[in-house]
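Fold and geometry: a report
Listed here are the chains, written in short residue letters.
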Amino acid sequence: MSILKSLWILAAKDLRIEYRSREAFQTTLFFAVLILIIFQFAFDPGSKATLEASPGILWVALLFPGMIRLNQSFQMEIEEDSLHGIVLSPVDRGAFFLGKFLANWVFLALVGLASTVAFVVFYNFAPSARLWWLLVVELMGLAGFSAVGTVLAAMVAKSSSREVLLPILIFPIVIPVIVAAVNASQEILLRDDLNTLGTWMQVLGVFDVVYLAAGFVVFEYVVGD
Amino acid sequence: MWSATDKIRLRQAERYLTAAKVLAWPAFLLILAALYMAFIYAPRERQMGEVQRIFYFHIGAAWNALGVCFLAVFIAGILYLWKKRRIWDHVGASFVEIGLAYTTINLTTGMFWARPVWNTWWPWGDPRVTLMLVLWLIYVAYMIFRSTMPDGEKKYKYCAVFGIIGFLDVPLVYVSIHIWRTIHPKVITSEGMALETPMIMALFTSMAAFTALTALLFCLRMAMRLQRTVVLERLYEETV
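Residues numbered from 1 in each chain as written. Chains lettered and ligands numbered in written order. Predicted model: local features only at pLDDT ≥ 70, side-chain atom pairs only at ≥ 80, totals over all residues.

1. Regarding the overall build of chain A
The helix and strand tally for chain A stands at nine helices and zero strands. Its helices and strands taken in sequence order, chain A reads α-α-α-α-α-α-α-α-α from the N to the C terminus. Computed over C-alpha atoms, the radius of gyration of chain A comes to 18 Å, within 12% of the 17 Å expected from 2.2 N^0.38 for 225 residues, which places it in the range of a compact globule. Burial status across chain A gives 44% buried among its 225 residues. (Helix = DSSP H or I, 4+ residues; strand = E, 2+ residues; numbered from the N terminus. Rg over C-alpha atoms; globule rule 2.2 N^0.38 Å. Buried ≥ 20, exposed ≤ 12 C-beta atoms within 10 Å, placed from the backbone.)

Here you go:
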């Protein structure tokens, strides 16, 4: 089986499970919206300070709930012991990684899209064509986050303390994503020109490529045997 | 009695202890020399005054943390995944510990230097400070992760993977913080540090002293790890 085909089958399987239950989608999205609202209460609601901080708040609302999803993504494989089935099937480990990554990425992107709508409403942004750029930045940032997160989630999946371990492992690594994505979002939402948007997107792009390649190579050692 | 593998491990441990004994004297003398160079030989910096002398230890620790220890963790991780030999896990784990100690030294000395010179404990705008902070976070995470895993091949594999993933982050963190800094208004500049020749001499002595200390600590940690492996396996057998 070619890598493309097996990765597609694996990703489609995860997304189909999610589509049929919609359990994770609802809870993750609800958590994201809660974060957006809690930050309004934590600062002065509707003030200028909150507006200035809003790109950062958006990214907290994208990544923290995203972590829960990453933790779940291997949990369901372990609970019914389907992980063994996948490992025993003639699927390349790199394809397994890409399939899991793709499912996580699509999931987080959909939650991100819905949260962005809530974000625009609660933070009073004018719906403009610029928001398309915001979505592109979100897709790129979430890709890097999912790539690192998929490897790390597989590593902590069998640990009893995985709920705390995953955030501890993932956030130090994704700091470049947070810096680049928040700065890019800030420029899109709050500045007049888009001078440095390209630079930040380059940083995100390099991060994505580095960690997709690394995940593809090392996943073989993370699952299996 | 000891098994054949036990004997090999204990012999290896002995070798590391011998190396440590050989290294101890040069390391001690180099540290004395570095202290002399930093506090007496190097001239007093005109603007910053005595506090500038922290710089020699600050850079010595930074160089060893990033250029020696964490690079070694990365290489040991690759070698472990490739060769599957336990010794590379010992190497990686030992270097994480030493590198983390140096990162802590670097960050704390930096804090005490930055307060009088830059008028702030924590210069968030400086890419090097932030890089060291992120490194500190990554390898503390490594240690926490390590401590939650039971001994076994899985633990060594995962730690190797995390050591590789963590080190790949170094250029990305640096570049992203650097761009961030160049965009934001510069509150702090690190210029005005043109070094006199005696200062450069003191700096190199300090770096050499720290490197000798790294080698010494590494040998001690390796010996400890090898012996502990033997003891733990004995204990395990006796309880089963």
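2. A word on the overall build of chain B
Counting secondary structure elements, chain B contains six helices and zero strands. Listed N to C, the secondary structure of chain B is α-α-α-α-α-α in terms of helices and strands. With respect to the three principal axes, the spread of C-alpha positions in chain B is 65 × 40 × 30 Å. With 240 residues in all, chain B has 42% of them scored as buried.

3. Structural notes on the confidence of the model for chain B
Across chain B, the average pLDDT comes to 88, with 94% of residues at 70 or higher. Quick note on the complex model: pTM equals 0.90, ipTM equals 0.89. (pLDDT = per-residue confidence, 0-100.)

4. Considerations on the interface of chain B and chain A
Taken residue by residue, the interface counts 25 residues in chain B and 25 residues in chain A. With 17 residues, helix H5 (residues 153–183) of chain B is the single largest residue contributor to the side of chain B that touches chain A. Taken together, the residues that form the side of chain B that touches chain A break down as 20 nonpolar, three polar and two charged. (Contact = placed C-beta atoms within 7 Å. Nonpolar A, V, L, I, M, F, W, Y, C, P; charged D, E, K, R; others polar.)

5. Considering the nonpolar core
Residues Val148(A), Val151(A) and Val161(B) are the most contacted members of the largest nonpolar core, which totals 141 residues. Those residues in contact with Val148(A) that lie beyond four places of it in its chain are Ile170(A), Ile173(A), Val174(A), Tyr211(A) and Ile165(B). (Core = buried A, V, L, I, M, F, W, Y, C linked by C-beta atoms within 7 Å.)

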